[in-house]
Every structure is written in C-alpha cells, then in structure tokens.
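# Structural characterization, general
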Amino acid sequence: MSIRLGLISLGCAKNLVDSEHMLAQLAEAGVTIVDDVAEADVAVINTCGFIESAKQEAIQTILETAELKKSGQLKALIVTGCLVQRYPEEITEEMPEIDAVLGTGSYTNIVDAVRAVMQAPGTVYRNFGQIDEAEMEGGRILLTPGYSAYLKIAEGCNNHCAYCVIPKLRGKFRSRPMEDILEEARAMAAAGVREIIVVAQDITRYGTDLYGERRLSDLLHELCAMDFTWVRLHYLYPDEITDDMIETIATEPKIVKYLDIPIQHVNNRILKAMHRRGDSAFLRDLFGELRSRIPGLVLRTSLIVGLPGETEEEFEELCEFMREMNIERAGVFCYSPEEGSEAAEMPDQIDEETKNERRMILEELQSDVLDRFAARMKGQLIEVLCEGWDGETGLYYGRSYADSPDIDGRVLFDSAFSVEEGQFVPVRITGAQGADLTGNTETME
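Now for a quick tour of the structure. Keep in mind that what you see is a predicted model, and the values were worked out from it rather than measured.

## Digging into the overall build of the protein
From N to C terminus, the protein includes 13 helices and 19 strands. For the protein, the C-alpha radius of gyration of 22 Å lies close to 22 Å, the compact-globule estimate for 445 residues. Dimensions of the protein, computed from the C-alpha atoms along their principal axes, are close to 60 × 60 × 50 Å. Burial analysis of the protein (445 residues in total) assigns 56% to the buried set.

The structure is reproduced here in structure tokens:
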C-alpha cells in the first residue's frame, strides 16, 4: 500500500508493545511509517483508558490529531486500545472525526482497518475481537531506543481489584508460551538490545495458567543466559512473590536490584475493601525479607489515596509505613472513581481537595526519602546506561539500576572521554540535582 502512516502510543509499556506489533504488521503490508502524524495520510492513536487522567489525555490527543484532517494531508484517523474497548459506541458517536476503531482484542486487524479507511472514506470501520483471545505473538518495530526494550510475557489480569477495570479491558490473565518469549528475546539480544524490561500486569503469576505452576524463575534464568546487561522486572504482585523468585533475583547478577511491587495501601481495612490480598504485617515482613536477602535493593511501589471511606487515621498509617520502609520510588495517585469498578459504587466518596492534600503529603514524604537515597549514593561507583547528551546542562545523562525508563530520575554525569548513547559507563556519584544524581565517569574498581 502506498500509504504514509504515523502512530501515537499512549499509556503503559504494555500498550507500547501492542503499538510495536501494529507497526510491524503495517510495514510488512507495505505501509510507510513516518515519525510525525502531520506528515501522514493515516494516523493511529493507541489509547489508554485506565483512569480519568488517561482518558482525558487520549481524548485531547484524538481531537488535536483530528484537526490535521482539515488541512487535507491527514485523510483518516484510527483509534485503538483501551479507551475504545471501554467506550465502543460512545467514542465514535461523540467524536465523528474518527474513521476506524479497534478494541484490545483486535489490534492485529490494523492492516484491514487502514485499507478500509482509505478505500471507503466516510464509513466507520469497527472491529472488536475477544479480549481473552487477543494475539500476543508477532514481529515488532521498537519504539524504544535500540539498546532498551520491553518484553511482555503475559496479557490480562485475574486480580479484580475493586478500583480497577483492567480485567474488563484486557481480559483474564494469559501467559505467553516460554519458547515464544525466549525466541523474541534472542532476536532482541542479537539486534543489540542490552536492557530487557520484563512486563505484564502481574509477572509473578507467569506460567500458572499454561503450566500449572509459577515459571517466572525459570524464564529469568533463561533470559540471564542471553547477551543482555540488565534484566529489569515490572510488576510483581506482593503475595505472589515466592522464596524461589527472591533467590533468583538475589543471585542472578544481570537482574537489576530494583523491584516494582505495587501495594496501593497498607491499612488492613482499606486493603480488604480494595480486594488486595495480604495485610500490613505481611507487607512489612515481605519488604524486610527482600531488603535482607537482596543487598542494595531499590523498591518502587504505587499508592492510592482517598479510596471511599479512607479515614485520617488510615491515611496516617500509610504515611507511617512509608516513613518506616524508606521505599525509594513511589507513585502516588488520587483514587479515581472509574465507571464499571466496584469502588465507584461505594459510599463515602472523598472530595478531590482532601485526596489532593493526602497525595501532596505522601509526595513530600517521598521527597525526603529521595534525599536520603541520594546521600547514601554519594561516593559510590555505579554502572550507568548513557541515554544521551543534555545540551542545557552540558552533561551526559543516563540511568542507573535504580532508574526505570520514563518513571524515575536520571544520572547526570561529566566525562573526560566520549560516551555513546546505549553505552554502559562507570560513574562516581558526587551529588544530586532534585531527583537526579550527578557524577563523573571513572574506571570500575
């Protein structure tokens, strides 16, 4: 097809992988991929629809992109992903600028959608497959830098948290066959990827549906035998973390000692209302064991404040937990009452002002933790993955093992020798600038 196409991918890394699959299918069909949708005949927007802020970002992006159709260059607009799956009828009724929609079970129909919008303008193409049967295999055109890539090992979720609609958008938890994952990983390693980021809504459950047992440790051992420098893990459900997983993470040198373990809260009543398994004592014991068995461990978590009925005392318990645990990385979110979720129907909804106040209190606590972390890092020699040159500061920048792409800080460093993007270099940490560490290159001891 002699068609120029631009794609905008919104939302999480798992959505990004879907976008990469779509691009590969389009390129194979002869579509020319362009970086700028303003230069395209067809624009594809792969949306997130998880929470209100993500929905608003997606809607704004759709409307802004639709403006390009007025100039005549952009001929068609295709919208895919979670927002479409969540509002299959409303999205085209309220935004007639859209020419085609694909649900989360149908992204493999992207070539058909492009053909349809170019051959039959004025007719909306719609395709919604079974979300529990969405294809997970196929080629990809990476949208990440060539040295770093995501490896999605499963789709969907079985946890059914009260505040969350992901199972309704992505279906039940489904592991990819290990041989398919390893084949994809080998191709990435051969192409020069040096940081592989293992992702799923819950990687700790990997294998339970296919093999009748958890197989994450087996998978990680295989990945660590490949030519990667770093193997990074997102996301681990706390009560699914086994002794075997901890031992694997502690002893495999390529697995970065950084774990993203969303806990959402620590108060027992709130956890029960959220349908989260485990309790406050369990979380304290788990984090204590992880710290003791994995030296240098950096923890990341996500927290929700303002669940309906959350009292000041329950919020204070969460604050005290964060003071005690010194969790180095934390994303704090105000509870969002999402249509279709159980929590949206709960009584005692909390006003936005109170939720924002609680969020800011936790973020201030987190800022103190970051300061202490920077102080501990000062003087240490660490490996940094260079991501480029910052002309404003006159320094190189990159990430350490403690920094996941797009969500954590950076390491800004000076160097007496030239450093290439994607190169791992030893950096002696000398200080900090806000959330970023600063340092100088040095020879590893």
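Resuming the write-up.
## Here we look at unusual backbone geometry
One can expect most non-glycine residues to show negative phi and most peptide bonds to be in trans. Note that the residue after H234, namely Y235, is joined by a cis bond; omega there is -5 degrees. Mapping Y235 onto the fold places it in the loop between β11 (230-234) and α9 (243-251). Here Q264, not a glycine, exhibits a phi torsion of approximately 70 degrees, which is positive. Here Q264 is to be found in the loop between β12 (255-260) and α10 (268-274).

## Looking at the sheet that holds strand β10 (residues 195-199)
Spatially, β7-β10-β11-β12-β13-β14 is the arrangement adopted by the six strands of the open sheet, whose pairing is parallel. Of all the strands in the sheet, the pair left with one neighbour each is β7 (148-152) and β14 (329-334). When strand polarity is set aside, the average angle formed by the axes of neighbouring strands in this sheet is 15 degrees. The pairing of β10 with β11 spans five bridges and is parallel.

## A look at the nonpolar core
One recurring pattern in soluble globular proteins: nonpolar side chains tend to sit buried together. The biggest cluster of nonpolar side chains holds 57 residues, and the ones touching the most others in it are I153, L233, L259, F287, L290 and L362. In this structure, F287 is in contact with I261, I263, L299, F321, M325 and I327, ignoring residues within four places of it in sequence. The next biggest cluster of nonpolar side chains, apart from the first, holds 22 residues, and it includes A402, V411, V425 and L437.

## Points about the sheet that holds strand β4 (residues 76-81)
Read across the open sheet, the six strands follow the order β2-β1-β3-β4-β5-β6; overall the sheet is parallel. Each end of this open sheet is capped by a strand with a single partner; those strands are β2 (32-33) and β6 (125-127). One ladder, built from six bridges, connects strand β3 (residues 42-47) with β4; its direction is parallel. Among the inter-strand pairings, V42 is bridged to a residue of β4, identified as A76. Contacting β1 (4-9), β2, β3 and β4, helix α1 (residues 13-28) runs over the sheet at an angle of about 170 degrees to β1. Strands β1, β3 and β4 of the sheet are contacted by helix α2 (residues 52-66), whose axis makes an angle of about 175 degrees with β3.

## Describing the pattern of salt bridges
Counting across every chain of the model gives 46 salt bridges. K55 is the salt-bridge partner of E339, the closest N and O atoms lying 3.9 Å from each other. Taken as a pair, E339 in the loop between β14 and α13 (352-377) and K55 in helix α2 lie far apart in primary sequence, 284 residues in all. With a relative accessible area of 53%, E339 lands in the exposed category. With its nearest N and O atoms 2.6 Å apart, the salt bridge here joins R176 to E137. Here E137 lies in the loop between β6 and β7 and R176 lies in the loop between β9 (174-175) and α7 (178-190), a separation of 39 residues in the sequence. Exposure remark for E137: the relative accessible area of 24% places this residue in the partly exposed category. Through salt bridges that share partners, D202, R205, R214, D239, E240 and R277 make up one connected network.

## Brief notes about the environment of H234
With respect to the helices, strands and loops of the structure, H234 is situated in strand β11. Residue class for H234 comes out buried when judged on its relative accessible area of 3%. Taking the C-alpha atoms as reference points, H234 and A100, 134 residues apart in sequence, are found 32 Å from one another. Setting aside residues up to four positions removed in sequence, H234 forms contacts with I197, V198, V199, A200, I203, Y258, D260, S404 and I407. For H234, the side chain forms a polar contact with the side chain of D260, separated by 3.1 Å.

## Some details on the pairing of β3
A regular strand carries its side chains on alternate faces of the sheet. Along β3, six of the six residues are buried, which leaves the element largely enclosed by surrounding structure. Side-chain alternation along β3 places V42, V44 and N46 on one buried face and A43, I45 and T47 on a second face that is also buried. Relative to β3, β1 runs parallel, the two being bridged by five bridges. Counterpart to G6 in the pairing with β3 is A43. Regarding topology, α2 serves as the crossover connection from β3 to the parallel β4, and that connection is right-handed.

Calculation notes
- Residues numbered from 1 in each chain as written.
- Predicted model: local features only at pLDDT ≥ 70, side-chain atom pairs only at ≥ 80, totals over all residues.
- Heavy atoms only, no water.
- Helix = DSSP H or I, 4+ residues; strand = E, 2+ residues; numbered from the N terminus.
- Rg over C-alpha atoms; globule rule 2.2 N^0.38 Å.
- Buried < 20%, exposed > 50% of the residue type's maximum accessible area, 1.4 Å probe, protein only.
- Pairing = 2+ DSSP bridges.
- Axes fitted to C-alpha atoms, helices over the stretch in contact; angles between N-to-C directions.
- Core = buried A, V, L, I, M, F, W, Y, C linked by side-chain atoms within 4.5 Å.
- Contact = heavy atoms within 4.5 Å.
- Salt bridge = Lys/Arg side-chain N within 4 Å of Asp/Glu carboxyl O.
- Polar contact = N/O pair within 3.5 Å; in protein donor to acceptor, adjacent residues only side chain to side chain.
- Right-handed = clockwise from strand over helix to strand, strands pointing away.

Purely geometric stuff here, so don't read any function into it on its own.
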